[in-house]
Every structure is written in C-alpha cells, then in structure tokens.
Amino acid sequence: MSVQKRLFLLDAYALIFRGYYAFIKNPRINSKGMDTSAIMGFMNSLMDVIKREKPDHLAVAFDKGGSDYRYEMYKEYKAHRDETPEAIKIAVPYIQELLKAMHIPIMEKAGFEADDLIGTLAKQAEKEGYQVFMVTPDKDFAQLVSENIFMYKPARMGNDIEIWGVPQVLARFEIERPEQVIDFLGMMGDSADNIPGFPGVGEVTAKKLLKEFGSIENLLENTDKLKGALKDKIENNKELGILSKKLARILLDCPVTFDATDFELSKPDVEKTDALFQELEFRQMKAQFDKLFGTGKEYDEIDSNGNENSNETPNPVKKAPVKKSNEDQFDLFGFSDDSDEPKPNSYYATLETTNHNYQIIQGDLGVKLFLQNLNQQTSVSLDTETTGIDSLNAELVGMSFAWEKGKAFYVPFPENQEEAKTLADKFKPFLKMKQSKKLVKTSNMT
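Residues numbered from 1 in each chain as written. Predicted model: local features only at pLDDT ≥ 70, side-chain atom pairs only at ≥ 80, totals over all residues. Heavy atoms only, no water.

Draft legend 1. Summary view of the packing of aromatic side chains. For the structure on display, the rule yields 21 aromatic pairs. Ring centres 6.5 Å apart and planes at 85° place the aromatic pair W164 and F173 in the edge-to-face group. The same class applies to W164 as to F173, namely buried. Counting every residue linked through ring pairs, the aromatic cluster contains F370, F401, W403, F409, F427 and F430. (Phe/Tyr/Trp six-rings, centres within 6.5 Å; stacked < 30°, edge-to-face > 60°. Buried < 20%, exposed > 50% of the residue type's maximum accessible area, 1.4 Å probe, protein only.)

Draft legend 2. Structural view of the environment of L226. Structurally, L226 is set in the loop between α9 (216–221) and α10 (228–235). Under the relative-accessibility criterion, L226 is labelled buried at 9%. The contact partners of L226, leaving out residues within four places of it in the chain, are L209, F213, L219, K231 and I234. (Helix = DSSP H or I, 4+ residues; strand = E, 2+ residues; numbered from the N terminus. Contact = heavy atoms within 4.5 Å.)

Draft legend 3. Spotlight on the pattern of salt bridges. Under the criterion given, the structure shown has 19 salt bridges. Close ionic contact of K207 with E203 constitutes a salt bridge, the shortest N to O distance being 3.1 Å. Here the residue K207 and the residue E203 both occupy positions in helix α8 (residues 203–213), the gap between them amounting to four residues, near one helical turn. Judged by its relative accessible area of 12%, K207 falls in the buried class. In this structure E203 comes out as partly exposed when scored by relative accessible area, which is 32%. Put simply, R172, E174, E203, K207 and K211 are held in one network by salt bridges that share partners. (Salt bridge = Lys/Arg side-chain N within 4 Å of Asp/Glu carboxyl O.)

Draft legend 4. Main features of the packing of helix α7 (residues 180–188) against helix α11 (residues 238–248). Running from N to C, α7 and α11 point in directions that differ by 130°, and their axes come no closer than 8 Å. Taken together, α7 and α11 sit at an angle that is classed as oblique. Handedness of the crossing formed by α7 with α11: right-handed. Along the contact surface, α7 presents I182, D183, L185 and G186, while α11 presents G241, S244, K245 and A248. (Axes fitted to C-alpha atoms, helices over the stretch in contact; angles between N-to-C directions. Parallel < 35°, antiparallel > 145°, perpendicular 65-115°, else oblique. Left-handed = near helix turned anticlockwise from the far one by under 90°.)

Draft legend 5. Structural detail: the nonpolar core. One finds L9 and M187 to be the most contacted residues of the largest nonpolar core, which totals 52 residues. M187 has contacts with G197, F198, V201, A206, L209, L210, S215, I216 and L219, leaving out every residue within four places of it along the chain. Core analysis: the next-biggest nonpolar cluster, separate from the first, contains 48 residues, A38, V49, V60 and L265 among them. (Core = buried A, V, L, I, M, F, W, Y, C linked by side-chain atoms within 4.5 Å.)

Draft legend 6. Quick look at the sheet that holds strand β2 (residues 57–61). Pairing is mixed in the open sheet, where six strands are placed in the order β3-β2-β1-β4-β5-β6. On the outer flanks of this sheet lie β3 (106–107) and β6 (162–164), each paired with one strand and no other. Inspection of the sheet shows strand β5 (residues 149–153) paired to β6 by three bridges, in the antiparallel sense. Bridging across to β6, Y152 finds its partner in I163. Helix α2 (residues 37–53) contacts β1 (6–11), β2, β4 (131–135) and β5 of the sheet and is inclined by roughly 170° relative to β1. (Pairing = 2+ DSSP bridges.)

Encoded structure:
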C-alpha cells in the first residue's frame, strides 16, 4: 500500500510579517545594524515544517504587485494597509536567496496574490492525488479545505501546530461546507483587506445568517424574512455584499502549474546557505540548519515518500509532539531566538537584570495577530492610559495587557478620535467575553 504524497505550500508574507511582529519589541539586530527579525521568523517557520513533517514536496508563494483582478473590481481594496516596514522590504530578497539556495520553488506572478497561487496549486496537486497543506495563519484559506487539502497553522506561544481539515473548518465557522467561508467573509468583511461586507454584520450575525440562508445570494433573495435595521442594511447594500464575496473568493485558475519534479524537496546548496547565514550572523540557525540538512540521520534517512526509513506507516496528518529541548523553544508567535547574548543575572532584580519582553502592538496585521493571541487567554491584566480623570471627556491614549510573568503588550491609540474608535471596536469582542477573567485598572495621564 503506497503512502499518499504530501505537498506543503507556504504563504510567504503572512509568515514574514508574523516573524517580524514576534520580535517587534526586541528586534534581532546584527552588528551591521540590520534588523533580521523577519528573516529569522520566516526561516524558523520553514525549518520547523521541514523538521516536523519531512514533506515530499514544498514551495513558497509570494505576492507580487497585488491583485489586479480585485483592484479592478474595487479600487479601495487593501487601501488602508500600513506601509510595509523597511525591515520587511529588506528581508524579502534575503529570504528568496535562501530559498533559491535550498532549491525550494518561489511562486510569484505579477498581478496575483499568494492566496490565489496557493489555491490554484493546491487544487492541481489534489487532482494528482496529493495531500496538500497550506502553511498560513490566515483564516481565509479555510474556504479551500477539502478531504485532501488542509490548513496548517504554525506553532506559537508554546502551543503545538494546528491542522484544520473539513471538520475543524465546519466547527470553527458553524457552516455545512467549507465553501461557505467565502460567504462568511463576504458578509462580515475584512478590515485588514478593506473588504466592506454588509454594514453592521459581524461574526455572530454572519454565522446566524449562514445557518438560515446558506449563502449571500440566497440571503438577498429572501430579505423579506429579515426584520428591523438589519433588513434595511442588507437591502440597501446588496451590491456591496456581492462585491465583498467576489473579493473574498480565492482564485483557482492562476497561470501557475504544479510540477512534481520541481517541487520535490532536495538537499540545499550548503555553500550558498552558509554564506548567507554568515552575512546575516545567524550562528545558531546555521547549526540547526546543518543538523537538519547535513550528513546525519535527520535528513539523509528520509525515503522517497518523505518519511524516515522504518517499517512504521506514518499518519499523514498526525501532529508532531511539542518540542521540549531548549533549542526548539519558541518566542512570542512560535519562533526561536538566535541571540547569543547571555541572560542577565543579579542579586537585586531590576528591569536590566530580569528577563522581560515588552511589545508595542501597531498596524492592522499586528493588532489582528495580537487579538488572536489575546482571545485565547482566560485571565488578563488590563491597564488604560487616558488624557484625564473625567471619564466622560477623557480620550483613550493606550491600553496595556499582561497575562504572563515578564511579558506585556501596549497598544497605542491614534489622536484622531474616529481612528481611535475604529481601533477600540476591534477589542470589544474580547472585553465582552464572559468567560474571560479580567483585572481592570485605569490609570490617567494629565
């Protein structure tokens, strides 16, 4: 009985941004003054996938110039995104050089997003009998999940990886078919991509409407069954709902082709990777890389099916156990720390002699990732900074959160009150969660 081959497709920018924000408060700066956080974060994710899963085939998809298809439909698509941090702009060429040295295909096409490239490749490979794992934290990919296509969410905060198959997607979105994720996203919109959705429709309402009507189209044909303000909002924004669904749908017909030979994982060009690691000053990562791809058992004894040589038949979607060794520990969002700095130690505990990680959370993606983490906590200390002591007139300056010794997060609020309200609204679901135990203390800045 042959083992089904597996293809892993990595969403490059999602993992690059994730790596950058994981180190945002304590960035990895080498002796040349270069911020290498994004490179380190991405490479840790890539190496962790290879070490855990020993995939048969692997490729990495990049955006290149945005989505012409979506911009033509809606000029405001992704219009409110923050400027890409300079450290990420610098990181991408290095990451692509590392991938080339590792003989890992880089999939990018001008005018197409990585989501669409991954969607197209996933469906092609599925038709050829492969199991496909889309490596990304982005929930939008849930619409592509099928019997042989899975979402593979990387490890973070000490938690193990998550693999979403059809049952997990149906449970997460409370739907009957994965394709309904497109309707879900179309109904509630997406602030990160500036997909408008129906005004006033959030996650709870979208789930309720999907249970009753099944799709946006069916909803619009039966608005007479709605009542009150919701009915008015839906009927007055029919075109906006249809547009949002089109924007949320991942394309499956991009000009890319899955080639089993090109995508097959092979040994890297070690001279080139060593040179890049030396330039970046990734000493610990080089040692981990050599162990993974060197002459030892970890890579040489992988057979043609991507499994270690043994008589055991692997479970293709089995999650690997959480690693316990020091070198495999992960930072904020699941990445190892390549720093060679000694940990401070002193009889008297001060900020300088105590391990700590204080992080500023900024930007749409930074807030989105932070909220995903925050919503998993059951006990949180919350502190607010305001412009005065008058609760009716004071303006919010910032909020800080903590739930673990030595770690805290600060969310600064813009002076523009409309923008501040938009940011505050993103935290409402968490603040309303009854199961969350919150210690609230308000401090004021005068």
